[in-house]
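# Residue-level structural notes
Listed here are the chains, written in short residue letters.
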Amino acid sequence: MMLAIQHTKKLLIAGVTAILMGNSAFAADVTLKLGHLANEQNSWHKAAVKFGEEVSALTDGRVAVEVFPNETLGKEIDLINGMQLGSVDMTITGESLQNWASMAALLAVPYAYTTLEDMDAVAGGEIGDQIEQQIIEKAQIRPIAYFARGPRNLTSNREIKTPDDLNGLRMRVPNVPLFVDVWKALGAQPTPMAFSEVFTSLQAGAIDAQENPLALIQSASFNEVQKFVNKTEHVRSWIYLTISEITWGRLSDEDKAAVIEAASRTQAYERELFLADEQLIAEDLQKKGMTFVDVDQQAFAQKAQDGVLANVSDDIRPVVEKLFAK
């Protein structure tokens, strides 16, 4: 009963959001549906709304954007599949794209980027261009902007300080093969699972732990079912704002230019939100009862890097080795 109520509430919220974002859609020539997994407080959602505003302004209302948070338009993999078929226009997605384009694994290689500047140099440089091109060719969706993500941390109901503490830990990971392989190498028992199923699985004891950036830990209210944030900081990564190649092909050259400009403005806007949010989110989670645990990051990094090199595909292994060497 409670799950049904929560589902109905999500649909109502999504409908209101779509109406607010799409009130110009009645006069628009093109309406883009943008679905994502985060809730309305997350910077991704705020950036998606900003993107819609910029697109509408730059096209004089010819193109409107309807935003659907909370997976109400579908789960991440379903949205990607929908974009490949032309039934969904846009989403925010990242390392899950390695299921189609192997280079997308570089978005989130454990312990490959130690600072935000390191990550930007890759995402905004030649390697980033190569990743985007392969995603377009292999996945048939087009990255048009990228957002920084806070480092991923492991939450649990017991302290995790070293890799040895992971023994037998049942934890959720996204449907990313590299993540599954690396956490197995670290000693845990990883289970791929849709993000929308994580809270209830933790609540029911089906899993013991999960790993995500602080922003998603907060917006998903994992503090209600997890006691510790173990500061593994095992992945610094970015995520793409993407558009279906089918949808892209339907846009005029003028509207394509407007979408790209709106995406550029949105990327800068999201970065401001991201930098302001990280410290505030940590403080909020502590106020809500979560304890932050310092871990032996060097031990985690060494064991994780061994696991990465043993499991990445041959075509990206040389790039990963260079990243680790830095």
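Residues numbered from 1 in each chain as written. Predicted model: local features only at pLDDT ≥ 70, side-chain atom pairs only at ≥ 80, totals over all residues. Heavy atoms only, no water.

## With respect to the environment of Pro163
- Structurally, Pro163 can be placed in the loop between β4 (141–156) and β5 (170–173).
- Sequence-wise, Pro163 and Thr232 are 69 residues apart; in three dimensions their C-alpha atoms are separated by 9.9 Å.
- The residues touching Pro163, leaving out its near neighbours within four places in the chain, are Leu186, Ala299, Phe300 and Lys303. (Helix = DSSP H or I, 4+ residues; strand = E, 2+ residues; numbered from the N terminus. Contact = heavy atoms within 4.5 Å.)

## Looking at the side chain of Asn230
- If you trace the backbone, Asn230 turns up in strand β8 (residues 228–244).
- A relative accessible area of 0% means that Asn230 is categorised as buried.
- With near-sequence residues (within four places) excluded, Asn230 lies in contact with Asn153, Leu154, Thr155, Ser156, Arg158, Glu159, Ile160, Val293 and Val295. (Buried < 20%, exposed > 50% of the residue type's maximum accessible area, 1.4 Å probe, protein only.)

## Some remarks on the pairing of β8
- Extensive coverage of β8 is indicated by the burial of 14 of its 17 residues.
- Pairing geometry for strand β3 (residues 90–93) and β8, over four bridges, is antiparallel. If you follow Thr93 over to β8, its bridge partner there is Tyr240.
- Alignment of β4 against β8, held across twelve bridges, turns out to be antiparallel. What sits directly across from Tyr146, in β8, is Tyr240.
- Sheet topology places β8 next to strand β9 (residues 291–293); three bridges connect them, and they run parallel. Residue pairing for β9: Phe228 is matched across the bridge by Thr291. (Pairing = 2+ DSSP bridges.)

## A short note on the packing of aromatic side chains
- Taken as a whole and assessed by the stated rule, the structure comprises three aromatic pairs.
- Taking 5.9 Å as the distance between ring centres and 55 degrees as the angle between the ring planes, the aromatic pair formed by Tyr113 and Trp238 counts as tilted. On the criterion of sequence distance, the pair formed by Tyr113 in the loop between β3 and α4 (116–123) and Trp238 in strand β8 is long-range, its members being 125 residues apart.
- By relative accessible area, Tyr113 is classed as buried at 3%.
- Each ring, one from Tyr146 and one from Trp238, has its centre 6.4 Å from the other, and the planes form 65 degrees; the classification is edge-to-face. Taken together, the positions of Tyr146 in strand β4 and Trp238 in strand β8 put the pair 92 residues apart, joining distant regions of the chain. Here Tyr146 and Trp238 have matching classes, each one buried.
- Clustering of aromatic rings is evident, with ring pairs tying together Tyr113, Tyr146 and Trp238.
- Above the face of the Tyr269 ring, Lys50 is positioned so that its terminal group lies 5.3 Å from the ring centre. (Phe/Tyr/Trp six-rings, centres within 6.5 Å; stacked < 30°, edge-to-face > 60°. Lys NZ or Arg CZ within 6 Å of the ring centre and 35° of its normal.)

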